[in-house]
Amino acid sequence: MNGNCRGPEHISRRALLKGALATTAGVAVANWGGLFSSQTIAAEAQKRGKRCILLWMNGGASQIDTFDMKPGRPTGGPFREIKTKVPGYHMCEYLPRMAVIADRLGIIRSMRTQSPDHPEGIYQMHTCYKQSERMPHPELGAMIAKYLGQADADLPSFVRMGPTGNTGSGYLGPRHEPFSIDRNGKLPSFTSPYLLPAREERRNELLLAMEAEAKQASAADVYESHRVAKERAWRLLRAKSLFDTTKEWPSHEPLYGASEFGRGCFLARKLVEAGVPFVEVGQDNYDSHADNFVCHKANMQVLDPAWSGLLIDLERTGQLEDTLVVWMGEVGRTPTINNRAGRDHFIKGWTVVLAGGGIKGGVVYGSTDADGSDVAENPVSEGDLFATIYTTLGINPRVKHFVGTRPVWATPEGSQPVKELLA
Amino acid sequence: MNFEKATLLWSMPWDADWVSAVSFIGGKHVAAGNNRGEILLWELPDAPETAPAEAAQAPSDADKGEKPLHSAPPPARQFVGHSNVINRLVSAEDRWLISASNDHTIRYWDLNAPADASAKVILNARAIDEAARSKSSGRKAPPPLAAEIRTQPAAKIIEGQEWIVGLALTHDQSALIAGDDAGTVTIYDRAAGTEKKRWQIKGWAYAVALAPDQKQAVASERFPLVFDSDKHVGLKLWDATTGTMQHDLSKDFKDMKIGAAAYSPDGKVLAIGRGGEADGNNGKVFLIDPATGKKQREFTPGHLNGLTDLCFHPDGQHLLSSGRDTVVRVWNLADGKLVKELGKPRGGQFKDWIHAISLSPDGSRLATADMAGFVHVWEFGS
């Protein structure tokens, strides 16, 4: 037993169908977001050529053991702090490589969020809306795929690897559904053709013709979802080699660290370089209700080279300026250490870190009180965070979509970007 | 020794932080360390005072159903210098205390050295603080348990490079083995504190032990990721003279984080215990033949939620184990039967741990490090 909560597992197919079947629950009439209303915004955002990589800390990383340390306090724990490139700001001793590049980071230490448990937290930290709203909100990656993706690209616009979000594209429709792969770049089995190319092509033409006929008979969204998924798979086959990191990895391993997560970060860097606007890479093991400190120490030894390696690699390949890297999970962890040597879920004052893509580096925004038990200044909500992310990527955080006739916005009313973090 | 007739003599309060390590030094002294890196020393009185009725009730939160016979003696000394969690304490020659800490050091403390400086400690500081924090609930702060102590710095410091989690002495007290989170296993000449052999294992070292003849060592390995493919646990027997592996037992103890290990005084039995947060009662003790690496026996029931420490009794016939279930168990080595259980699970799914145990040199007394903020001393019947 490890003390971690095991949330319900979801598969991308389910997520894909969720968007299409939203109508059957009578929750909302999905029309894929009212495409006409957002094309101009998309074109404008695409011009900027921005991209985003989300490093998802599944389970919820401890802010006190990473970026908001409380040395000498009862809540402090056994980790010691080290100096960083930002004068006066210290972080955990087990993030030494990140400390050296802290001047590239925009650190929000004052996240005060609403969903304390995993399924709801994962949903809300991927959509900025509460799951209980009964609206099929799209997750961050889908929104970015919509506004920054190229419709005719061979590569998917939204790739995710490892333990990540599972909400899907919601009201934005199947075109923006995530494409899930392994962190070592292994693609789903359906991407491997088992027919000769000529036969495959004939078969596909036949399938398209049949589906076109079926669509005339029934305009149900499920047919559209299936057709879109197949089309994406065919296009993907043309770019499949990009996902293979076998040859490059040995020379990059020292930078990213010898871990699966590190390799995922490297692949993410390759994908954004090739034009994928959103990649999410998950790291597991943070839900440390027991043995928090050894769990976090091991995690940080994987995270530190992988994350710093990604930022350094993006910078040296000239991509950091246009690539926003977000580090977050669904919750923080309690300041109090429980009698399993663990920390539990916490939403009253935790940390998210942004870097690149137009984020001002070396900024530490907000703070918590002496023991880290609440935000002391500048609370940031889920909506504020997403507004910051969308703004720096050139997406209007108040862009309006329609689900049926009902208007819905990319961020909740009142959400404000954290201006101090915008370069 | 009559283990059935075990009496709780003293429950010494010290709640500054979790009590994480304990060791007898000779038969008269007990030292304990905590998560802050503090170490206190108690001298056990020859003629203890009988505990008054209300004092005997005092530690009831930490030890339901067990009331100490005597009033707790105050601590006599504090060993100062560590700055992080004390993971293990061992002692030698009825004089030396040796500590391993998350501050990357092993320190030697000499009971014969003078302790000149003085200090005052409040032994129930946490209880007072917690009562003050929850004033609104009407909870009353207990009166402070203050003690005047002498403080003493370390006589010797061995610098390491990471958290030193594993530390054990050979039965003849001539050699010391340490394991750290850099994956280094090191054998020292105990008296001189000089390094004799060092080797690297995969991941981090967790439990370590050195055979009485100093020819074999055991080290458990971990890299405690939970779901990730980069996680690692292992258990290996090593030739301690060359640092080469003799037996890889990782498959026999698949996915088990072995948190404690000890060789029997004759070196013919190696005991290991499953630590970390084990599922249910799986915090079991296993006996291994060190010559072959084969599992000989496993003791049931295991400790609920994981085992924390192991200790062979000097009679060579019994083994003691402690766990995250706040109990200590005495096992008969020959038939694997549970002879005695000391303490009681405190209820709830998870409730405190006994972090460590230590036997007096004659085996008549047992000291336990109680995470709730106590050092308990038990006496077995004669």
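In this text, all values refer to a predicted model and were calculated from it rather than measured experimentally. (Residues numbered from 1 in each chain as written. Chains lettered and ligands numbered in written order. Predicted model: local features only at pLDDT ≥ 70, side-chain atom pairs only at ≥ 80, totals over all residues. Heavy atoms only, no water.)

Peer 1: I'd like a rundown of the overall build of chain B, residues and numbers included.
Peer 2: Regarding its fold elements, chain B presents two helices and 30 strands. Here the C-alpha atoms of chain B give a radius of gyration of 20 Å, agreeing with the 21 Å that 2.2 N^0.38 yields for 382 residues. Judged by the C-alpha coordinates and their principal axes, chain B covers about 55 × 45 × 45 Å. Look at the contacts in chain B between residues 6 or more apart in sequence, and 54% of them connect residues 24 or more apart. Counting every atom, chain B has about 14800 Å² of accessible surface; 47% of that belongs to carbon and sulfur. (Helix = DSSP H or I, 4+ residues; strand = E, 2+ residues; numbered from the N terminus. Rg over C-alpha atoms; globule rule 2.2 N^0.38 Å. Contact = heavy atoms within 4.5 Å. Areas by Shrake-Rupley, 256 points an atom, 1.4 Å probe, with all protein chains shown as cover.)

Peer 1: Lay out the pattern of salt bridges in plain terms, naming residues and giving numbers.
Peer 2: Scanning the model with the defined rule gives 35 salt bridges over all chains in all. Residue E139 of chain A is joined to R160 of chain A by a salt bridge in which the shortest nitrogen-to-oxygen separation is 3.2 Å. Pair noted here: E139 of chain A is in the loop between α4 (118-127) and α5 (140-148) and R160 of chain A is in strand β5 (residues 158-161), with a separation of 21 residues, a long-range link. Each member of the pair E139 of chain A and R160 of chain A is classed as buried. With a closest N to O distance of 3.3 Å, D46 of chain B and K28 of chain B form a salt bridge. Within this pair, whereas D46 of chain B is found in the loop between β4 (39-43) and α1 (53-57), its partner K28 of chain B is found in the loop between β2 (19-25) and β3 (29-34), the two being separated by 18 residues in sequence. What makes D46 of chain B exposed here is its relative accessible area of 66%. Residues joined in a network through salt bridges with shared partners are R73 and D371 of chain A together with D129 and R133 of chain B. (Salt bridge = Lys/Arg side-chain N within 4 Å of Asp/Glu carboxyl O. Buried < 20%, exposed > 50% of the residue type's maximum accessible area, 1.4 Å probe, protein only.)

Peer 1: So what about the interface of chain B and chain A? Which residues, and what values?
Peer 2: With 31 residues of chain B at the interface, the matching set in chain A holds 33 residues. Summed over both partners, the interface of chain B with chain A buries about 2700 Å², with 50% contributed by carbon and sulfur atoms. If you sort the residues of chain B by the area they bury against chain A, W163, F227 and E277 of chain B come out on top, with a joint share of 25%. Across the contact surface, chain B and chain A share five salt bridges. (Buried area = accessible area lost by both parts, 1.4 Å probe.)

Peer 1: So, α4 of chain A: which residues are in play, and what are the values?
Peer 2: Residues and elements named next belong to chain A. Among the ten residues that make up α4, eight are buried, leaving the element largely enclosed by the rest of the structure. Every buried residue of α4 is accounted for by H118, G121, I122, Y123, Q124, M125, H126 and T127. Looking one or two residues beyond α4, the residue adopting positive phi is C128, at roughly 70°.

Peer 1: Tell me about the packing of α4 of chain A against helix α11 (residues 382-393) of chain A, and name the residues and values.
Peer 2: Residue and element names in this part refer to chain A. Between α4 and α11, the least distance of the axes is 8 Å, while the angle of their chain directions is 35°. Of the residues in α11, those in contact with Q124, M125, H126 and T127 of α4 are E382, L385 and F386. For the contact of α4 with α11, the per-class residue count stands at three nonpolar, three polar and one charged. (Axes fitted to C-alpha atoms, helices over the stretch in contact; angles between N-to-C directions. Nonpolar A, V, L, I, M, F, W, Y, C, P; charged D, E, K, R; others polar.)

Peer 1: Break down the pairing of strand β29 (residues 365-370) of chain B for me, with residues and values.
Peer 2: Residue and element names in this part refer to chain B. The buried count for β29 comes to six of six residues, which makes it a mostly enclosed element. In β29, alternate side chains face the same way, and those of R365, A367 and A369 on one face and L366, T368 and D370 on the other are all buried. Here strand β28 (residues 354-359) runs beside β29; their pairing, made up of five bridges, is antiparallel. Residue pairing for β29: L359 is matched across the bridge by L366. (Pairing = 2+ DSSP bridges.)

Peer 1: Mind laying out the sheet that holds strand β22 (residues 283-288) of chain B, listing which residues take part and the relevant values?
Peer 2: Residues and elements named next belong to chain B. Read across the sheet, four strands follow the order β20-β21-β22-β23 without closing on themselves; strand pairing throughout is antiparallel. With one partner strand each, in any of the chains shown, β20 (258-263) and β23 (295-303) form the two edges of the open sheet. If you compare each strand with its neighbour and ignore which way they point, the axes differ by 15° on average. The pairing of β22 with β23 spans five bridges and is antiparallel. Each bridged residue has a counterpart across the sheet, and for F286 the counterpart in β23 is E298.

Peer 1: Summarise the environment of P407 of chain A; cite the residues concerned and give the values.
Peer 2: Residue and element names in this part refer to chain A. Relative to the helices and strands, P407 resides in strand β16 (residues 406-409). Along the backbone, P407 and F293 are 114 residues apart, and their C-alpha atoms lie at a distance of 45 Å. Not counting residues within four places of it along the chain, the set of residues in contact with P407 comprises K400, H401 and F402.

Peer 1: Give a description of the packing of aromatic side chains that names residues and reports values.
Peer 2: All names here are of chain A. Under the defined criterion, the tally for this structure stands at 22 aromatic pairs over all chains. With a centroid separation of 6.2 Å and an interplanar angle of 65°, the aromatic rings of F179 and F243 are classed as edge-to-face. Here F179, found in strand β6 (residues 179-181), pairs with F243, found in the loop between α7 (221-238) and α8 (249-256); they are 64 residues apart in sequence, far enough to count as distant. Classification of F243 by relative accessible area gives buried; the value is 1%. (Phe/Tyr/Trp six-rings, centres within 6.5 Å; stacked < 30°, edge-to-face > 60°.)

Peer 1: Give a description of the sheet that holds β4 of chain B that names residues and reports values.
Peer 2: Note on sheets: strands pair through backbone hydrogen bonds, and any given pair is parallel or antiparallel. Residues and elements named next belong to chain B. Read from one edge to the other, the open sheet built from six strands follows the order β2-β3-β4-β5-β10-β9, with strand pairing classed as mixed. In this open sheet, the two edge strands, each paired with only one partner strand, are β2 and β9 (117-122). Strand-to-strand, the axes of this sheet are offset by a mean angle of 30°, without reference to chain direction. Direction of pairing for β4 relative to strand β5 (residues 75-80): antiparallel, over a ladder of four bridges. Counterpart to W42 in the pairing with β5 is P75.

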